[in-house]
Amino acid sequence: MLTVYAIEKSEIYGHGKRVVIWFSGCSLHCKGCINSHLWDKNNGQLYTAKQLFAKIKSYNDICGVTFIGGEPLEQEKDLLDLSNYICEARLDIVLFTGYELSELQGIQKEIADKAVVIICGRYVEELRNTLLLLRGSSNQKLLIKDNALKEFYANECRQVEVEITEDSVKYLGFPEDFI
Ligand code: SF4
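Residues numbered from 1 in each chain as written. Predicted model: local features only at pLDDT ≥ 70, side-chain atom pairs only at ≥ 80, totals over all residues.

With respect to the helices, strands and loops of the structure, D40 is situated in the loop between β2 (18-23) and β3 (45-47). According to the C-beta neighbour criterion, D40 is partly exposed, with 14 such atoms within 10 Å. Each C-alpha atom, one on D40 and one on S27, is 8.5 Å from the other, the two residues being 13 residues apart in sequence. For D40, the residues in contact, after removing those within four places along its chain, are S24 and G25. (Helix = DSSP H or I, 4+ residues; strand = E, 2+ residues; numbered from the N terminus. Buried ≥ 20, exposed ≤ 12 C-beta atoms within 10 Å, placed from the backbone. Contact = placed C-beta atoms within 7 Å.)

What follows is about the site of the ligand. Not every one of the 13 residues close to the ligand is listed here, only the nearest: C26, C30, C33, G98 and Y123. Residues that form the shell around the ligand fall into these classes: six nonpolar, five polar and two charged. (Near = placed C-beta within 6 Å. Nonpolar A, V, L, I, M, F, W, Y, C, P; charged D, E, K, R; others polar.)

Residues A49, L52, F53 and I56 constitute the buried set of helix α1 (residues 49-57). The arc that holds every buried residue of α1, seen down its axis, measures 100 degrees, which confines them to one face. Looking at α1, the residues exposed on the side facing more than 90 degrees away from the buried face are K50 and A54. Among the structural elements, β1 (2-10), β2, β3, β4 (64-68) and α2 (76-88) are those in contact with the buried residues of α1. (Arc of directions from axis to C-beta.)

Taking burial as the measure, the six residues of β2 include six buried ones, the bulk of the element. Neither face of β2 is exposed, since R18, V20 and W22 on one face and V19, I21 and F23 on the opposite face are all buried. Pairing analysis gives six bridges linking β1 to β2, with the strands arranged antiparallel. In the strand pairing of β2, I7 is matched with I21. Where β2 meets β4, five bridges bridge the pair, whose relative direction is parallel. Bridge pairing in β4 places V20 opposite T66. (Pairing = 2+ DSSP bridges.)

What follows is about unusual backbone geometry. Cis peptide bonds are those with omega within 30 degrees of zero, and the linkage from G69 to G70 qualifies with 10 degrees. Mapped onto the fold, G70 is located in the loop between β4 and α2. Within the chain, H29 stands out as a residue other than glycine whose phi angle is a positive 50 degrees. Position of H29 relative to the elements: it lies in the loop between β2 and β3. The phi angle at R90 is positive, at roughly 60 degrees, despite the residue not being glycine. As for its position among the elements, R90 is in the loop between α2 and β5 (92-97).

Turning our eyes to something else, we now look at the packing of α2 against helix α3 (residues 106-114). Taken N-terminus to C-terminus, the directions of α2 and α3 make an angle of 25 degrees; their axes are 9 Å apart at the nearest point. Relative to α3, the element α2 is oriented roughly parallel. In this structure, α2 meets α3 at a crossing whose hand is left-handed. Across the interface between the two elements, E76, K77, L79, L80, S83 and C87 of α2 pack against I107, Q108, E110, I111 and K114 of α3. Its residues assigned to classes, the contact of α2 with α3 comprises five nonpolar, two polar and four charged. (Axes fitted to C-alpha atoms, helices over the stretch in contact; angles between N-to-C directions. Parallel < 35°, antiparallel > 145°, perpendicular 65-115°, else oblique. Left-handed = near helix turned anticlockwise from the far one by under 90°.)

Put into structure tokens, the structure is as follows:
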């Protein structure tokens, strides 16, 4: 089973329109982590890989799926099954992980190999930088495997997405730097 904290459709967690999945649980406990409410692996809803893929398929006009957390690679066995379903459907994967690529082995590495874009490395509070694209601290790396995507990711900036409805305003990203 996969434990998921939240699922959203978004355009700021990688290229194009994407389904973004926040996975629960992270044992890395970086100082200053903005997502510490996701450290608890029980803080979320349970899905089988098949159920989660069906949920992904219910979204229209997406080009891919973004895995974020929490630490997605700490649920690696079922995440590999989900990654296989996503790739078979010709959707691409953007992976956020607190691990360095050199730390990945076995199934975790297999999942990383399937991702077209990887944002990796621990968050280091002393190296916090609010102007970076998709990264919170300057030690973190942005790896783009598809040359056709490099231009999209060359624009180094922080993005925020705002959804306004009649009775609510919803933010994705880190709006506290902007308001
Ligand atoms: S890896 Fe990410 S979610 Fe985990 S503690 Fe570090 S910043 Fe937070």
